[in-house]
Amino acid sequence: MNRPIAALAVAGALLAQPALAAEGSLVLYTSQPQTDAQQTIDAFKAEHPDVDISFVRDGTPKIMAKLRAELEAGAPQADLILIADAVTMEGLKRDDALMAYPGADVAAYPEGTHDPEKYWFATKLITTGIVYNDAAPFVPASWEDLLKPEAKGMIAMPSPLASGAALIHLQTLTGNLPQGWGYYEGLAENGAVAEGGNGGVLKAVAGGEKLYGMIVDFMPIREKAKGAPVTFVFPEEGVSAVTEPVAILKSTDNPDAAKAFVDFLLSEKGQELAAAQGYVPADPSVAAPEGYPARAEIKVLPFDPAAALAAEEENRARFETIFQK
């Protein structure tokens, strides 16, 4: 074997290896809620006390703006990124900002959960289904039910122009329901109001201003446990999901510690932490938290992040046209 080929072989072997002894420092950029981010850091440090890890927390758009500015300046500060959705990760992968981790152990996960080239890894499932006020005239079981006359003018939904999860939800439903875009045209004709994020939907439905809504699962499930008059439904056709993926920045100076962080999130302990925080673990062998059906009973509709990234602007424009009529 000549020297260049030998060097490439050695480099490839190193990339494929799981994390070695983890030490040194790491910086994580994350859109996790503050409490979740701190719990994640604390749990990782309990397993790897020789790693000094800190985090910067903000919403995904602001975190991405910060990271993009640093990348353009040639001085990225983060070693790892843990954000809401895989479409954003696909953008970073397309721009050659991520490091593949071929040695990551994903044997416990179904095919299609993570990036097939192992540039990013799902850490949980945050699905979008239907919430209804317990005083509503009927209990919805299907996405079709939001098109019924009884629901006219009583539907709230987050705007895909403001929420990444709502955009992925739109791309998932238009790609899987038989009506395609006709479903969203039907929602608009039925008086659905699309504005802001998921928090506004919960407020409108819990307060009775609206009786039905599209929303991420954990919000109404948590609020119902506190006594709010809302119930979350996993529609029979299936749900969309964002997966809060984690990835290693290509520019990291500490790849071994960064790999150890990814390994922790994908491990049984990491997935149990996700469940303890109130989310559905991405690993189907780890039990979902109270209030959720068994993981095997949750039907997640197919979604292609790369195709969604390519069609992102077209989908936003088409949605805006439908709901501004």
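Each remark here, short or long, concerns the structure printed above.
The sections below set out a description of the structure shown in this document. (Residues numbered from 1 in each chain as written. Predicted model: local features only at pLDDT ≥ 70, side-chain atom pairs only at ≥ 80, totals over all residues. Heavy atoms only, no water.)

Re the overall build of the protein chain
Then, number 1: The helix and strand inventory of the protein chain stands at twelve helices and 13 strands.
Then, number 2: On C-alpha atoms alone, the protein chain measures out to a radius of gyration of 21 Å, which is about the 20 Å that the 2.2 N^0.38 rule sets for 325 residues.
Then, number 3: Taken along the three principal axes of its C-alpha coordinates, the protein chain extends 70 × 40 × 35 Å.
Then, number 4: Taken over 325 residues, the protein chain has a buried fraction of 51%.
Then, number 5: Sequence separation of 24 or more characterises 77% of the internal contacts of the protein chain that already satisfy a separation of 6 or more.
Then, number 6: Summing over all exposed atoms, the protein chain offers an accessible surface of approximately 14500 Å²; the carbon and sulfur share of this is 54%. (Helix = DSSP H or I, 4+ residues; strand = E, 2+ residues; numbered from the N terminus. Rg over C-alpha atoms; globule rule 2.2 N^0.38 Å. Buried < 20%, exposed > 50% of the residue type's maximum accessible area, 1.4 Å probe, protein only. Contact = heavy atoms within 4.5 Å. Areas by Shrake-Rupley, 256 points an atom, 1.4 Å probe, with all protein chains shown as cover.)

What about the side chain of Lys118?
Then, number 1: Along the chain, the position of Lys118 falls in the loop between β4 (98-99) and β5 (120-121).
Then, number 2: No salt bridge is formed by the buried Lys118, whose closest oppositely charged neighbour, Asp105, lies at an N-O distance of 6.9 Å.
Then, number 3: Here the side chain of Lys118 touches Pro102 through a polar contact of 3.1 Å, landing on its backbone oxygen. (Lys, Arg positive; Asp, Glu negative; His and termini not counted. Salt bridge = Lys/Arg side-chain N within 4 Å of Asp/Glu carboxyl O. Polar contact = N/O pair within 3.5 Å; in protein donor to acceptor, adjacent residues only side chain to side chain.)

Focus on the packing of helix α2 (residues 34-47) against helix α9 (residues 255-266)
Then, number 1: At a minimum axis separation of 10 Å, α2 and α9 run at an interaxial angle of 110 degrees. On the basis of the axis angle, α2 is roughly perpendicular to α9. The way α2 lies across α9 gives a crossing that is right-handed. Seen from α2, the contacting residues are Thr40, Ala43, Phe44 and Glu47; seen from α9, they are Ala257, Ala260, Phe261, Phe264 and Leu265. (Axes fitted to C-alpha atoms, helices over the stretch in contact; angles between N-to-C directions. Parallel < 35°, antiparallel > 145°, perpendicular 65-115°, else oblique. Left-handed = near helix turned anticlockwise from the far one by under 90°.)

Description of the pattern of salt bridges
Then, number 1: Applying the stated criterion across every chain, the model contains 13 salt bridges.
Then, number 2: We note a salt bridge from Lys124 to Glu244, for which the minimum N-O separation is 2.4 Å. Of this pair, Lys124 sits in strand β6 (residues 124-133) while Glu244 sits in the loop between β11 (240-242) and β12 (246-249), and the two are 120 residues apart along the sequence. The pair Lys124 / Glu244 is uniform in exposure class, with both members buried.
Then, number 3: Note that Arg316 and Glu312 form a salt bridge whose closest N and O atoms lie 3.0 Å from each other.

Notes on the packing of aromatic side chains
Then, number 1: With the rule as written, the count across this model stands at ten aromatic pairs.
Then, number 2: The interplanar angle of 80 degrees and the centroid separation of 6.4 Å between the aromatic rings of Tyr101 and Phe121 together place this pair among those described as edge-to-face. A residue pair is termed long-range when its members are at least 10 positions apart, and Tyr101 in the loop between β4 and β5 and Phe121 in strand β5 qualify at 20 residues.
Then, number 3: Phe121 sits in the buried class, given a relative accessible area of 1%. (Phe/Tyr/Trp six-rings, centres within 6.5 Å; stacked < 30°, edge-to-face > 60°.)

Notes on the packing of helix α3 (residues 60-72) against helix α4 (residues 86-94)
The axes of two packed helices give the description: the angle between them and the distance between them.
Then, number 1: Where α3 meets α4, the closest approach of the two axes is 12 Å, and the angle between their N-to-C directions is 5 degrees. Viewed along their axes, α3 and α4 adopt a mutual orientation that is roughly parallel. Judged by residue contacts, Thr60, Met64, Leu67, Arg68 and Leu71 of α3 engage Thr88, Gly91, Leu92 and Arg94 from α4.
Then, number 2: A class-by-class count of the residues in the contact of α3 with α4 yields four nonpolar, three polar and two charged. (Nonpolar A, V, L, I, M, F, W, Y, C, P; charged D, E, K, R; others polar.)

As for the nonpolar core
Soluble, globular proteins show a tendency: their nonpolar side chains are buried together.
Then, number 1: Grouped together as the largest cluster of nonpolar side chains are 29 residues, with contacts concentrated most on Leu26, Phe44, Leu80, Phe261 and Val262.
Then, number 2: Elements that contribute at least two residues to this core include exactly β1 (24-30), α2, β2 (51-57), β3 (80-82), β12 and α9.
Then, number 3: By residue number, the principal contributor to this core is α9, which donates eight residues.
Then, number 4: Of all hydrophobic cores here, the second largest spans 27 residues; its members include Val131, Ile215, Phe218 and Val239. (Core = buried A, V, L, I, M, F, W, Y, C linked by side-chain atoms within 4.5 Å.)

Examining α3
Then, number 1: With 13 residues, α3 should reach 18 Å at 1.5 Å per residue; the first-to-last C-alpha distance of 18 Å fits that figure.
Then, number 2: Those residues of α3 not exposed but buried are Thr60, Ile63, Met64, Leu67 and Glu70. Down the axis of α3, the sector holding all buried residues measures 125 degrees, keeping them to one side. Seen from the buried face of α3, the exposed residues on the opposite side, beyond 90 degrees, are Pro61, Lys62 and Glu72.
Then, number 3: Each element contacted by the buried residues of α3 is listed here: β1, β2, β3, α4 and β12.
Then, number 4: Looking at the residues trailing α3, positive phi occurs at Gly74, about 75 degrees. (Expected span 1.5 Å × (residues − 1). Arc of directions from axis to C-beta.)

From the geometry alone we can't say anything about function, so treat these as descriptive.
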